[in-house]
Amino acid sequence: MAITLSTGATVSVAKTYSPALGSAGVANTALTNANPCVVSSAGHTLSIGDYVQMSSGWGLLDQRVVRVQAVSAGVSFTLEGVDTSDTSKYPAGTGTGSHREITAWSQLSQVKSVSASGGAQQFADITSIADTVIRQIPTVKDAVNMTIDVFDDPTLAWYADVVAADTARTPYGLLMTFPNGSKLVANSYWSIMKVPTMETNQALMSQITLSYAAEPLRYAT
């Protein structure tokens, strides 16, 4: 058993992309059905450890933020933790699209708490008239939302980056780094409450809310 305290954890929002959001991404001409998935992308400039936002014909990969595990310079790169070997979920030859590298992150300071909600499994009822107990099979999961409470200070450097993500109304990367070195990355819609909450004899608080645009990924290091 391993227990990780929250003390020392950090939360960051993607600050800049290459190519920039809103412009054409770098083309991905082929993706393998493999574990891990290898992406062919002529002329890419990625390095091991970079984070990329994927656009793909595969719905389960589209809009995910993924870490680069290996590279063949200017030829291809490998997506760490992404298994696309199941052709029923990732039909061969249909995963092409583009990618953008997240070139800088903006770390949030003065974070008081982070909470998550949603993600509950939904089920379809397949009970027949002969059954004596209800039978269900899994379908989709509820949308996942995060709430980040921060001590209010609009002069902090990251504040403008979160406002930019809010205003853009397009997914921006999320990077959470935990004290044990593990990481969580996701692509999320960001929103910030610009009016702080106030309580008697308490510090002013601002609230940031996120809704995942795609499945997050966890990395052990």
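Look a little higher up for the structure.
Please read these numbers as outputs of a predicted model, since none were measured by experiment. (Residues numbered from 1 in each chain as written. Predicted model: local features only at pLDDT ≥ 70, side-chain atom pairs only at ≥ 80, totals over all residues. Heavy atoms only, no water.)

J.: Go over the pairing of strand β1 (residues 10–18), please, and point to the residues and values.
T.: Summarising the sheet, β1 and strand β13 (residues 172–177) pair through four bridges and their orientation is antiparallel. Bridge pairing in β13 places Thr10 opposite Thr177. By the bridge criterion, six bridges tie β1 to strand β8 (residues 97–107) in an arrangement that is antiparallel. Within β8, the residue paired with Tyr17 across the bridge is Ile102. (Pairing = 2+ DSSP bridges. Helix = DSSP H or I, 4+ residues; strand = E, 2+ residues; numbered from the N terminus.)

J.: How would you sum up the packing of aromatic side chains? Please name residues and give values.
T.: Under the criterion given, the structure shown has four aromatic pairs. Residues Tyr51 and Trp105 carry aromatic rings whose centres are separated by 5.9 Å and whose planes lie at 90° to one another, so their mutual orientation is edge-to-face. Here Tyr51 is found in strand β5 (residues 51–56), whereas its partner Trp105 is found in strand β8, with 54 residues between them in sequence. Assessed through its relative accessible area of 8%, Tyr51 is described here as buried. Each ring, one from Trp158 and one from Tyr159, has its centre 6.0 Å from the other, and the planes form 50°; the classification is tilted. The burial state of Trp158 is the same as that of Tyr159; both residues are buried. Sitting above the plane of the Tyr219 ring, Arg67 keeps its charged end 4.3 Å from the centroid. (Phe/Tyr/Trp six-rings, centres within 6.5 Å; stacked < 30°, edge-to-face > 60°. Buried < 20%, exposed > 50% of the residue type's maximum accessible area, 1.4 Å probe, protein only. Lys NZ or Arg CZ within 6 Å of the ring centre and 35° of its normal.)

J.: Would you mind going over the pattern of salt bridges in detail, with residue names and values included?
T.: Throughout the structure, instances matching the rule amount to four salt bridges. For Glu80, the salt bridge goes to Arg67, with nearest N and O atoms at 2.8 Å. Of this pair, Glu80 sits in the loop between β7 (76–79) and β8 while Arg67 sits in strand β6 (residues 65–72); the two residues are 13 residues apart in sequence, bridging distant segments of the chain. When sorted by exposure, Glu80 lands in the same class as Arg67, which is buried. With a closest N to O distance of 3.1 Å, Asp131 and Arg135 form a salt bridge. You can call Asp131 partly exposed: its relative accessible area is 25%. (Salt bridge = Lys/Arg side-chain N within 4 Å of Asp/Glu carboxyl O.)

J.: Can you explain the nonpolar core? Please cite residues and give values.
T.: Counting residues in each nonpolar core, the largest one holds 46 residues, and the members touching the most others are Met54, Val66, Leu79, Trp158, Leu174, Trp190 and Ile208. Not counting the four nearest positions on each side in its chain, Met54 is found in contact with Asn28, Leu31, Val39, Leu61, Asp62, Gln63, Arg64, Val66, Phe77, Leu79, Ser98 and His99. (Core = buried A, V, L, I, M, F, W, Y, C linked by side-chain atoms within 4.5 Å. Contact = heavy atoms within 4.5 Å.)

J.: I'd like a description of helix α1 (residues 157–168), backed by residues and values.
T.: Side chains three or four residues apart in an α-helix point the same way, a direct result of the helix having 3.6 residues per turn. Among all positions of α1, only Trp158, Tyr159, Asp161, Val162, Val163, Ala165 and Asp166 are buried. On its buried face, α1 sits against β1, β8, β12 (144–151), β13, β14 (183–192) and β15 (205–212). After α1 finishes, the residue Arg169 shows a positive phi value of roughly 55°.

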